[in-house]
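Close look at the chain arrangement
One letter stands for each residue in the lines below.
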Amino acid sequence: MTPEPTMQPKIQAAATPSDRSRFPEFYKLSVTDRVRVMRERGWLSEADYQALISGEHTLKLNNADKMIENVVGVMGLPVGLGLNFLINGRDYVIPLVVEEPSIVAALSSAAKVVRAAGGFTVESTESLLIGQIQVVDIPNVPKAQAAILQHKAELLNLANSLHPQMVARGGGARDVEIHVHPLPEGRGDMLVVHLLVDTCDAMGANLVNTMCEGTASLVESITGGKVFLRILSNLTDRALVRAKMVVPADKLAGKGFDGDQVRDGVILANDFASVDPYRAATHNKGVMNGIDAVALATGNDWRAIEAAAHAYAARSGRYTSLTRWYKGPNGELVGEIEVPMKVGTVGGPLQSNPTVALNHRLLGARSARELAEVMGAVGLAQNFSALRALVTEGIQQGHMTLHARSVALAAGATPDIFETVVERLIETGEIKIWKAQEIVVQVRKQSRRELDDVDPATMAPRAQGHGKIILLGEHAVVYGSHAIAAPVPLAIEASVQEPGSDGDTNPGVDLIIPRWGVESRLHKNPEHRDSFQRSLGIVFDKLGLTERSMRIEVFPNVPRGMGLGGSAAMAVAVIRALDQHFKLGLSDNEVNALAFECEKVAHGVPSGIDNTVATFGELLLYRREMDGEPAMMRTLTLDKPIPMVIGISGKESLTAKTVGGVRSAWRKNPELYETIFKQIDQLTLQGVEAVQNYQLERLGDLMNVCHGLLNALRVSSWEIEEMVQLCREHGALGAKLTGGGGGGSIIALAPEHPERIVAALREAGYQAMEVSIG
């Protein structure tokens, strides 16, 4: 009999948890913003950050052609991040490669619950891989068994001589075991020699196969039999991981269920899987949803891991659950998993696929054994999340939003209507492809104003705030210079609804932005408001509406943080919606003044140009209030529209950050920066004449020079520079950043073939659209 493997706990982190893996509302950010936040929190190096932003981390076709045979292409899968994980006292952000909706969100949610209760504890055995040498036609099986054991040292020495470098790293063949199995139809017995090999941080399949091949002749001479198969086993039960979580019952309450009900439901669901193989197959599939996603992300053989897990679940002769859930001595929910987990952190996939190498650096596992322990915790977390969903809201409800997005994509919803289709699909409750296709047709007809059966009277009236671009003058306008700004055909809309006649038992102001996943109740106490609430909260405070009950729904068509005046447009839309609903009689100037107060909270020291354009919706020459002089606003009239292209980088433009950076530099060297501001002001005033006289070549030159000055202020970025260059190469008379910079958007003057510029930007991975100014 083989002794039970000894479990050893992973080395504990020296420091207490730092919440480094906690990212509240991470899912609400754009992909670019998520990557930026990961860089700022120290999870990504600058090189990995740039690789993710640019897409250079993906597997290239020429490299793929060297990995397998008959290559014709490369298939991509999403890489998501499992957040909130605290394992053996250490924070982890876990890369997950998976196409199934809800797995990443479910894992992060489960890890958050477990984290609050102290996190996961994991231990593991020494990680050994088994090589099998099958011996048949043995004259005397008992004698052969004894001979193998007598020559064990000789076998191990021969095996290790085949891989001296592995031995030098502390690994190599460790032990020999013997198993005897009867052959069918009374044809005698076969003898199977197990070679137990420590492969260190490598997966080790090829290494073990080589050892089995190399020792086969010696096994034949020792046993007098004939060696047939010599190959590794994927049942890696000498590399076991055991993970455990303990959650107090009161931390499980939710969805109308108290904690005891959820705990007992999880235990009962697991009891079902422990006795019924049909349920156990689905139960364990859920466990592997998490484990396989980590295996794919880290370049490990998920097929081998799956095979080991399912074989281990059937080791008693009956297939059963990989996990165990029970009630602890103080009423807490206790979950445990024991699963074989032989993985590697070095080897071929890390060299051939740059995404795999990046994922390893992000995860930060210091050994293959540590990676295996992380994967065990992930499997337990995924099982907990699935069981909790089953016994509370149900799996289908938990999948609804993400499933709706997948269905909308399958139904052919293009990016310009995608979010609208998802919103309407969820409202119907029928998350079906046929329904999504029906909605796609309706939305496209509506966008062409061909939907005759829509009654505007049935829709809540929507107020509007305009998005904007700045043609010339950004940043300098903060210091009293002029700027030219124009509204764009992108707006944010808002509507207000009050509770019905039956009243509201829990009065308050609810702000809903379905497209951004925002659902927030305004805190009445300003001190308790987050930055988002502080900005709009000023409006309710000043209008005396904080105590009223209402639901404000916002429909954004201006992308967030892209330098197109989104925050000001939202403030204006909400103010106008309140004004219309409550019949406040606000003038345009009063709306503008209120929106400016919101902008101060959002951006620190705004110029006031965004809220002014958002309010009045006109092409303006603007100069802010300065040194006691009132703000100047002059409408510019054009004989015909100016054709432009807007390019959107996808990288958030943090206006407060870029404005603050310029201010800091100005304070250190005021003379230099005042000179730049004056040059931008002169360009802007020349631009007024060029705009009104339709001198497009001159306007383009002014835009190019202005961009150079803005670059000198260090408010550009490599994305902005790439877009500007692409526009100029494809026919733009002028191109420059617009707005705060540091990311965000650019504008290009495109009187001829704007579609070529749009196509070039989209080909490079950016968003782009044609607009007309004036």
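Report on the accompanying structure.

Parameters and conventions
- Residues numbered from 1 in each chain as written.
- Predicted model: local features only at pLDDT ≥ 70, side-chain atom pairs only at ≥ 80, totals over all residues.
- Heavy atoms only, no water.
- Helix = DSSP H or I, 4+ residues; strand = E, 2+ residues; numbered from the N terminus.
- Contact = heavy atoms within 4.5 Å.
- Areas by Shrake-Rupley, 256 points an atom, 1.4 Å probe, with all protein chains shown as cover.
- Pairing = 2+ DSSP bridges.
- Axes fitted to C-alpha atoms, helices over the stretch in contact; angles between N-to-C directions.
- Core = buried A, V, L, I, M, F, W, Y, C linked by side-chain atoms within 4.5 Å.
- Buried < 20%, exposed > 50% of the residue type's maximum accessible area, 1.4 Å probe, protein only.
- Polar contact = N/O pair within 3.5 Å; in protein donor to acceptor, adjacent residues only side chain to side chain.
- Expected span 1.5 Å × (residues − 1).
- Phe/Tyr/Trp six-rings, centres within 6.5 Å; stacked < 30°, edge-to-face > 60°.
- Patch = residues over 30% accessible without salt bridge, like charges linked within 9 Å, V, L, I, M, F, W, Y side chains within 5 Å.
- Salt bridge = Lys/Arg side-chain N within 4 Å of Asp/Glu carboxyl O.

Here the focus is the overall build of the chain. When helices and strands are tallied, the chain shows 26 helices and 22 strands. Within the chain, contacts between residues at least 6 apart in sequence are counted, and of these 72% link residues at least 24 apart. Accessible surface for the chain amounts to roughly 35,700 Å². Of this, 52% is attributable to carbon and sulfur atoms.

On to the sheet that holds strand β7 (residues 189-198), then. One open sheet accounts for four strands, arranged β6-β7-β5-β8; its pairing is antiparallel. Both outer strands of the open sheet, β6 (172-182) and β8 (226-233), are each paired with one neighbouring strand and no more. Neighbour-to-neighbour, the strand axes of the sheet open up by a mean angle of 20°, direction not taken into account. Looking at chain direction, β6 and β7 are connected through ten bridges and run antiparallel.

Core analysis: the largest hydrophobic core is formed by 101 residues, its most contacted members being I552 and L578. Here this core takes eleven residues from helix α19 (residues 566-582), the largest share from any one element. Of all hydrophobic cores here, the second largest spans 54 residues; its members include L107, A293, Y312 and L387.

The next subject is unusual backbone geometry. At N84, a residue that is not glycine, the phi angle is positive and equals roughly 75°. For N84, the location among the structural elements is in strand β2 (residues 79-87). Positive phi values are uncommon outside glycine, yet K583 reaches one of about 50°. Looking at the element boundaries, K583 is found in the loop between α19 and α20 (588-603).

By secondary structure assignment, the location of T546 is in the loop between α18 (531-543) and β16 (550-556). Within polar-contact distance, the side chain of T546 engages the backbone oxygen of F540 at 3.4 Å. A distance of 2.9 Å separates the side chain of T546 from the side chain of D541, its partner in a polar contact. Those residues within four positions of T546 in sequence are excluded, and the remaining contacts are V509, K524, R529, F540 and D541.

This paragraph deals with helix α24 (residues 696-712). For α24, built from 17 residues, the straight-helix expectation of 24 Å at 1.5 Å per residue is met to within 8% by its first-to-last C-alpha distance of 24 Å. Where α24 is concerned, the buried positions are L696, L699, G700, L702, M703, C706, H707, L709 and L710. Structurally, α24 contributes buried residues whose contacts are with β12 (463-472), β19 (642-648), α23 (670-692), α25 (718-729), β20 (734-738) and β21 (745-749). Once α24 finishes, R714 follows within two positions and takes phi at roughly 65°, a positive value.

Take the packing of aromatic side chains next. Considering all chains together, one arrives at six aromatic pairs under this definition. Each ring, one from Y479 and one from W666, has its centre 5.1 Å from the other, and the planes form 55°; the classification is tilted. One end of the pair, Y479, is in the loop between β12 and β13 (483-497); the other, W666, is in helix α22 (residues 655-668), with 187 residues separating them in the sequence. By way of ring pairs, the aromatic residues Y479, W666, Y673 and F677 are connected into one cluster.

Here the focus is a nonpolar patch on the surface. On the surface, a cluster of nonpolar side chains totalling about 410 Å² of accessible area is made up of M75, L77, L296 and W302. Along the polypeptide, L296 turns up in helix α10 (residues 277-297). The class for L296 is partly exposed, based on a relative accessible area of 35%.

Attention now goes to the pairing of β16. In terms of burial, β16 is a largely internal element, six of the seven residues being buried. Bridge analysis of β13 against β16 gives six bridges, and the strand direction is antiparallel. Among the inter-strand pairings, E493 is bridged to a residue of β16, identified as F555. Summarising the sheet, strand β14 (residues 509-513) and β16 pair through four bridges and their orientation is parallel. Bridge pairing in β16 links D510 to R551.

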